[in-house]
Amino acid sequence: MTYTIESAQNIFSGTQIPSPIPATIALFDQLSVDDRLAYLWYAYTEMGRTITPAAPGAARLQLAEGLLTQIKQMSPEEQTKVMRDLANRIDTPINRSYGFFSVNTKLAFWYELGELMKQGIVAPIPTGYQMSPGVKVVLEATQKLDPGQQITVLRNTVVDMGFDTSDLAPSSSRKSAEPVFERTEPITTNVKIEGINEPAVLQYVEAMNADNFAAAIALFTANGALQPPFQKPIVGHEAIAKYMREEAQGLNMMPKQGICEVQPDGSKQVKVTGVVQTPWFGVNVGMNIAWRFLIDPQGKIFFVAIDMLASPQELLNLRRM
Ligand code: 45D
């Protein structure tokens, strides 16, 4: 075999032009705690006017119910402290519980807190809070992003809150299954991608659009890897399946075009660009992305990276380097 995960990460290296998403998050990370919470409030409510996320559904909220009930019973001062602690990422019991939530449960938790803040049940942004120049800078940077990039910034800042539990043994209460997102759009079968007829790629998209993760996983080699945007590769069937159940449900993938290059060893490098919709925002927000596949000589997926595109023009960038 002439390729490794490291070498596969660098195929179509021209795709990896600097994204404004990490740059915006780096600005956010420099803010004080209260500024972070205020930024999220303004960014979220501002966006809510044009693009409203779908309510998370009872099954998902149930996973966060313990924490939400606890918070509802607190005094406004205590509630503010909980939110500051979450933004500060310190080690507290609540931050640990939050840290064990899946990405979508974290989003649902904050969605509900946002609703409770609007209803006056949970403390709003402290009265007398003055927006600092730093918050204005990050808000302006956010406004320049396209909607798909804006919701990615929101998502990633929310996911990073609480205590980082990645080095801790999973808590026993974590066993609960990940609730499903119900699909509102009919599933597109018979996927067509201009320039691509590689079966593994077409079948991958069909399987993912049907939430048929078993079928998607079966397309990978045993040591195959999937690299989500801004993350390290996830290696092996079991790890990829867990990731997909937690984070890839209900996605609507609409690949448009691609190129496929056969290598001397019979492997293929495939780059596809297109749009993905998340069940949180449905058809209202499209994310421009690229998939970079390395298909082994037997037609199995050895590696796929998913990249957020820096700009819509990158949809047409199918050059090699
Ligand atoms: O702090 O092929 C308040 C993979 C103020 C799989 C708030 C994929 C205080 C393989 C407003 C209350 C998954 C990798 C906070 C493809 C405060 C594959 C609340 C890609 C925090 C294609 C804030 C999938 C709230 C992709 C409620 C690219 C914020 C999926 C809510 C991308 C934010 C999905 C939400 C994205 C953001 C979803 C709901 C970016 C959702 C974003």
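What counts, and where the lines are drawn
- Residues numbered from 1 in each chain as written.
- Predicted model: local features only at pLDDT ≥ 70, side-chain atom pairs only at ≥ 80, totals over all residues.
- Heavy atoms only, no water.
- Near = heavy atom within 4 Å.
- Polar contact = N/O pair within 3.5 Å; in protein donor to acceptor, adjacent residues only side chain to side chain.
- Areas by Shrake-Rupley, 256 points an atom, 1.4 Å probe, with all protein chains shown as cover.
- Helix = DSSP H or I, 4+ residues; strand = E, 2+ residues; numbered from the N terminus.
- Nonpolar A, V, L, I, M, F, W, Y, C, P; charged D, E, K, R; others polar.
- Domains from an automatic or database assignment.
- Buried < 20%, exposed > 50% of the residue type's maximum accessible area, 1.4 Å probe, protein only.
- Pairing = 2+ DSSP bridges.
- Contact = heavy atoms within 4.5 Å.
- Salt bridge = Lys/Arg side-chain N within 4 Å of Asp/Glu carboxyl O.
- Buried area = accessible area lost by both parts, 1.4 Å probe.
- Expected span 1.5 Å × (residues − 1).

Colleague: Even after reading the chapter, I still don't get the site of the ligand, so can you show me in this structure?
Modeller: Leu40, Tyr44, Trp110, Tyr204 and Trp291 are the nearest of the 29 residues found near the ligand. Residue Tyr204 places a side-chain N or O atom 2.6 Å away from an oxygen atom belonging to the ligand. One nitrogen or oxygen atom from the side chain of Trp291 is found 2.9 Å from an oxygen atom belonging to the ligand. In isolation the ligand exposes 990 Å². Once the protein is present, 97% of that is buried. Of all the secondary-structure elements, those providing two or more residues to the shell around the ligand are helix H3 (33-50), helix H7 (103-118), helix H9 (147-159), helix H12 (237-247) and strand S5 (287-295). With five residues, H7 is the largest single contributor of residues to the shell around the ligand. Split into classes, the residues belonging to the shell around the ligand amount to 24 nonpolar, three polar and two charged. Two domains each put at least three residues into the shell around the ligand: domain 1 (5-18 + 180-316) and domain 2 (31-159).

Colleague: Looking at this model, I keep getting lost on the pairing of strand S1 (residues 220-227). Mind explaining?
Modeller: Look at any regular strand and the pattern is simple: side chains alternate between the two faces of the sheet. Burial analysis of S1 places six of its eight residues in the buried class, which makes it a mostly covered element. In terms of strand pairing, S1 meets strand S6 (residues 301-308) through four bridges, oriented parallel. Residue pairing across strands places Gln227 opposite Ala305, the latter belonging to S6. The pairing of S1 with strand S2 (residues 234-235) spans two bridges and is antiparallel. When the bridges of S2 are listed, Leu226 appears paired with Ile234. Once S1 ends, the chain turns through six residues before running back antiparallel as S2, passing Phe230 with a positive phi of about 60 degrees.

Colleague: Would you mind showing me how to read helix H6 (residues 93-100) here?
Modeller: Count 3.6 residues to each turn of an α-helix, and residues three or four apart come out pointing the same way. Among all positions in H6, only Ile94, Asn95, Tyr98, Gly99 and Phe100 are buried. Those residues of H6 that are buried lie in contact with helix H4 (58-72), helix H5 (76-88), H7 and H9.

Colleague: Got a minute to help me understand the pattern of salt bridges in this structure?
Modeller: For side chains of opposite charge, pairing can occur when their charged atoms come near one another. Using the criterion set out here, one finds 11 salt bridges in the structure. Across the salt bridge formed by Arg84 and Asp34, the nearest N and O atoms sit 2.7 Å from each other. Of the two residues, Arg84 sits in helix H5 while Asp34 sits in helix H3, which places them 50 residues apart along the sequence. Here Arg84 falls in the partly exposed class, since its relative accessible area comes to 31%. Ionic pairing is found between Asp307 and Arg292, a salt bridge with its closest N-O pair at 2.7 Å. One end of the pair, Asp307, is in strand S6; the other, Arg292, is in strand S5, and 15 residues separate them in sequence.

Colleague: What am I meant to see in the domain arrangement of the chain here?
Modeller: Per the domain assignment, the segments making up the chain are domain 1 (5-18 + 180-316) and domain 2 (31-159). With centres defined by C-alpha atoms, the gap from domain 1 to domain 2 works out at 30 Å. Between domain 1 and domain 2, the contact holds 19 residues from the first and 19 residues from the second. Of all residues in domain 1, Glu247, Trp280 and Phe281 bury the most surface against domain 2, accounting for 44% of the area lost on that side. Here domain 1 is connected to domain 2 by one salt bridge. Looking at the side of domain 1 that touches domain 2, the elements with two or more residues in it are H12 and S5.

Colleague: Please clarify how H7 should be interpreted in this entry.
Modeller: With 16 residues, H7 extends 23 Å from end C-alpha to end C-alpha; this agrees with the ideal 22 Å at 1.5 Å per step. Just downstream of H7, Gly120 is the residue with a positive phi angle, here 80 degrees.

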